[in-house]
Amino acid sequence: MADPAHITPRFLHHWRSAAWVWLGLVVAVAWHQWQFWSHPKVTTDVMALLPQDPLDSVLSRASQQWSAQASRQVVVVLGSPDWALTRAAAAAWRQALPASAGLREQRLTDPQTLARQVAFYAPWRDRLLTPAQRTELAQQPESAWADRALAGLLQPGVSGRLTAWAADPLGLWAAWWGERAGEVQARQRDGEAHIHRNGMEWLVLMLESDRAATQLDGERRLAQALDQAIAAAKAQVPGLRHMRAGVPLHAEAAAAQAHSEINTIGWGSLMAVMALMALAFRSLKPLALTAVSLLVGVAVAASVTMVCFGEIHLVTLIFGSSLIGVAEDYGIHYFSARQAQPETPSPTLMHRLLPGLMLALATSVLGYLVLGLAPFPGLRQMAVFSAVGLAATFVTAWAWFPWLDRAKAPPRTLLARRVAASLPRWPRWQANTVGKVASGLMVLVLGFGAFSLQAQDDLRQLQSGDPQRMHEQREVSELLGLPSPLQWFLVTGTSAEQVLEREEALTQRLAALVHKGHLQGWRAVSDWVPSQARQQADAALTGQLETAVVQALGKRLGETLERSAMATTPLTLEAWWASEASLPARNLWLGDVGELPGGKASVVMLRGAFGPADLPRLAAAAQGLPGVRWVDRTADTSALLARYRVTMGWLLVLGHVVVGAVLLWRYGRSAWRAWLPTVLATGLTLSGLALAGQALQLFHVLALLLLLGVGIDYGVFLLEHPDDGGAWLAVILGALSTALSFGLLGLSDLPALRAFGVTVLMGLAWVLLLAPLLRLSRASPTTPSTSVRTPA
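Residues numbered from 1 in each chain as written. Predicted model: local features only at pLDDT ≥ 70, side-chain atom pairs only at ≥ 80, totals over all residues. Heavy atoms only, no water.

To continue, consider the overall build of the chain. For the chain, the count of helices and strands is 27 helices and 13 strands. Out of the 792 residues in the chain, the part that is buried amounts to 52%. Pairs at least 24 residues apart make up 83% of the contacts formed inside the chain by residues separated by at least 6 positions. A total accessible area of about 34300 Å² is found for the chain, and carbon and sulfur atoms account for 62% of it. (Helix = DSSP H or I, 4+ residues; strand = E, 2+ residues; numbered from the N terminus. Buried < 20%, exposed > 50% of the residue type's maximum accessible area, 1.4 Å probe, protein only. Contact = heavy atoms within 4.5 Å. Areas by Shrake-Rupley, 256 points an atom, 1.4 Å probe, with all protein chains shown as cover.)

Here it is, written out as structure tokens:
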């Protein structure tokens, strides 16, 4: 680079043009931000943060189907020992629920829909059998079935049949429908969904929200509306028990928590940075210009993230709010140098600082972009948001500060003078007795951390929530027999028929677990549409026996009896899918999946509560069955977290090597002075985690990757400007503001972000301690040529 003290008029002209171009881009970003926040697309799904394996495209499709179905559903359960009191409480609840809550009640299947479903299946009644009926048909003698058929003929109202006697002479069909109805615990009673359990009469209210619960205004409208209705119900029936569950409740709580954390972390960081700058510069100009650069950086980051991903995760916004503590380094470094050299023109000063600022930007952006190498959609959002935000803040400072800061330089405040004067008194490491003893102790601490640190990878580190709300969710799921969204079976095949056959092989094994009490039940498409092979076998079994029984009864009664004709072609999945009969199980069929060699897929869901001890038995049910895979999202994701923790650990090592090489190219033999503080800080932070009894997790490693980009900056600044009080002031202010930002991130309700923030905070403290110990002397012959001299 040319001598930074001489800037040609042509270069200044281009510089001013770049400032105007950047202003135009910022105006466009402002318009985009206004459009975005008018209708924000913000997601709260924790699973969106997770990595994917080769089958996750199919698993994600299944999850998306359930999420689309459940994303607006709310369940409220009211209970008392007396059914009449429970109904009275429900009436009070409905009357008190505000219309502004946007909740629409959904009733159980109405009689008309049920009648149409029964009519759809009627032609194939003879091939719809339960496992118990198959055994009974094969074992009981024909005479016993004839007696049963005669009883049904003479007393048609007793058997509860769904068709005429001739269409179902053995009275088999009601049991098949009863088994299908068993997939839902609630039963119709007085027009309400009723469950009797442990002496309690429960009434189930199924609701659907007509609005998104991710509005970032901090309000809990849905929860407040439900609280109001519950209060009215309890006033009507003292002692009433109530529970509620549903994705909208969790999403609304997450949005409200995010609103609080964004305010705490974002505005807290901004206020901390502004307070530090006010103390250091005692001028509104540094505060205003630095605030502008930060706001522009965050706005550009949000817009680019939205364009790249189509939506923004709440965790990205929370994490991005801590960006303030890093991005303000450029403004702080500029105004610290401006304060130290008031006689230097602003463009000249910025031009002199540019090499060090660009290198600091490159290392910081590298640290953030390495986060994006992990196959976590949420982390990729964070990486893009942070890298773009840093770059936009840097461009704002470079393009605008020299032209907006043309007046008098900030005065040298007491804080600035004392911090600048403290650098010469800060000791340098030397190879004497004290230095060797300190080095030996550090090696011992590092060794302790290396041998005692344990790793733990648990999906729960990504989750947070109110324990009471989670407990109610589990109780409602158990009461209603809702399927688990985390453990299920994926069934694939080359055709729909093969998938149905494989489902039937699986459910035969699951029936044994139900019989032993390890499982309450399951939900599968093949329960509603048996495979053609199963249909043919069942039709042959019932057809032969029913024909014989009808003929025998005709002879006994002296009448001509005939069995109604059944369909001659099997029930197909296509016909079922096109009818209302598919509504109860439609979300279980994935259909065409080109991502798999088979091409067709479905899922088999498990009903009821089962504990960790049952998981190996369930996993064993899939062993040896082609095309059947046991899916345990919790265990699978924890294993992936462990895998990527190791991978990102090696990337951390590689990152240190690459940054070291870049520093070596720039600074030669002095490069280790900027590189070693961050390396040692990484090791000492890991040792600190071990001493605190914290297990190493992926987000600790990701935080150390970020520390690599941020921590190197301080060594670079001190190496670019040796013994420069202004540079030391910039390092101190930057480190304090960054530490405050990530310290506030440690207050997050999300365990992963909390671990991230605490790790960065510890690492920064070590870097700030070690970087001046290893600083270069101004008199050294290897001092970079771009050093900024602090005037006496």
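Attention now moves to unusual backbone geometry. Positive phi outside glycine occurs at Asn-198, with the angle close to 55°. Along the polypeptide, Asn-198 turns up in the loop between β5 (192–197) and β6 (200–209). A relative accessible area of 74% places Asn-198 in the exposed class. Non-glycine residue Arg-282 carries a positive phi angle of around 45°. With respect to the helices and strands, the residue Arg-282 is situated in the loop between α9 (247–281) and α10 (284–309).

Counted by the stated rule, this structure contains 24 salt bridges. A salt bridge links Glu-580 to Arg-116; the shortest N-O distance between them is 2.5 Å. Residue Glu-580 is found in the loop between α21 (573–577) and β11 (589–592), and its partner Arg-116 is found in helix α4 (residues 111–121); the two are separated by 464 residues along the sequence. With a shortest N-O distance of 3.4 Å, Arg-125 and Asp-168 are connected by a salt bridge. Pair noted here: Arg-125 is in the loop between α4 and α5 (131–139) and Asp-168 is in the loop between α6 (142–154) and α7 (173–181), with a separation of 43 residues, a long-range link. A network of salt bridges, in which partner residues are shared, links Arg-125, Asp-126, Arg-127, Asp-168, Glu-546 and Arg-563. (Salt bridge = Lys/Arg side-chain N within 4 Å of Asp/Glu carboxyl O.)

This part takes up the nonpolar core. Among the nonpolar cores identified, the biggest contains 96 residues, and Met-277, Leu-390, Leu-698, Leu-702, Phe-742 and Phe-756 are the most heavily contacted of them. It is helix α25 (residues 698–720) that provides the largest number of residues to this core, a total of 13 residues. With 47 residues, the next largest nonpolar core counts Tyr-121, Val-499, Leu-590 and Val-604 among its residues. (Core = buried A, V, L, I, M, F, W, Y, C linked by side-chain atoms within 4.5 Å.)

All right, on to a positive patch on the surface then. Together, Arg-282, Arg-412, Arg-417 and Arg-418 line one region of the surface with positive charge. Note that Arg-417 resides in helix α16 (residues 414–422). (Patch = residues over 30% accessible without salt bridge, like charges linked within 9 Å, V, L, I, M, F, W, Y side chains within 5 Å. Lys, Arg positive; Asp, Glu negative; His and termini not counted. Charge placed at Lys NZ, Arg CZ, Asp CG, Glu CD.)

On to the packing of aromatic side chains, then. This model, assessed by the stated rule, comprises 18 aromatic pairs. Just above the ring of Trp-528 sits the side chain of Arg-180; from NZ or CZ to the centre is 6.0 Å. In this structure, Arg-586 is placed above the aromatic ring of Trp-577, and the distance from its NZ or CZ to the ring centre is 4.5 Å. (Phe/Tyr/Trp six-rings, centres within 6.5 Å; stacked < 30°, edge-to-face > 60°. Lys NZ or Arg CZ within 6 Å of the ring centre and 35° of its normal.)

What follows deals with the confidence of the model for the chain. Summary statistics for the chain give a mean pLDDT of 82 and a share of 87% for residues scoring 70 or more. Ranking the elements of the chain by mean pLDDT puts helix α2 (residues 56–70) last with 63 and helix α3 (residues 83–96) first with 94. Low confidence marks residues 1–5, where pLDDT is under 50. Its contacts with residues over four positions away, or in another chain, come to 7 contacts. (pLDDT = per-residue confidence, 0-100.)

For the rest of this paragraph, the subject is a nonpolar patch on the surface. A contiguous nonpolar surface patch, about 910 Å² in accessible area, is contributed by Leu-366, Val-646, Trp-650, Val-653, Leu-654, Val-657, Val-658, Val-662 and Trp-665. For the nonpolar patch, the element with the highest residue contribution is helix α23 (residues 633–667), accounting for 8 residues. Within the element layout of this structure, Val-646 appears in helix α23. Val-646 gets classed as partly exposed once you look at its relative accessible area, which sits at 43%.

Two numbers describe how helix α1 (residues 9–38) lies on helix α15 (residues 377–404): the axes approach to 9 Å, and their chain directions differ by 125°. Between α1 and α15, the angle falls in the class oblique. Pair α1 / α15 crosses with left-handed handedness. Contacts between α1 and α15 involve Leu-12, Trp-15, Arg-16, Ala-18, Ala-19, Trp-22, Leu-23 and Val-26 from the former and Ala-392, Val-395, Thr-396, Trp-398, Ala-399, Trp-400, Pro-402 and Trp-403 from the latter. (Axes fitted to C-alpha atoms, helices over the stretch in contact; angles between N-to-C directions. Parallel < 35°, antiparallel > 145°, perpendicular 65-115°, else oblique. Left-handed = near helix turned anticlockwise from the far one by under 90°.)

Successive side chains on a regular strand alternate, one facing one side of the sheet and the next facing the other. Within strand β2 (residues 73–80), 7 of the 8 residues are buried, which leaves it mostly tucked inside the rest of the structure. As paired strands, β2 and β6 are joined by 8 bridges and run antiparallel to one another. Residue pairing for β6: Leu-78 is matched across the bridge by Leu-203. As paired strands, β2 and strand β7 (residues 241–245) are joined by 5 bridges and run antiparallel to one another. Bridge assignment links Gly-79 to a residue of β7, and that residue is Arg-241. (Pairing = 2+ DSSP bridges.)

Structurally, Arg-425 can be placed in the loop between α16 and α17 (433–452). In this structure the side chain of Arg-425 is engaged in a polar contact, spanning 3.4 Å, whose partner is the backbone oxygen of Ala-421. (Polar contact = N/O pair within 3.5 Å; in protein donor to acceptor, adjacent residues only side chain to side chain.)

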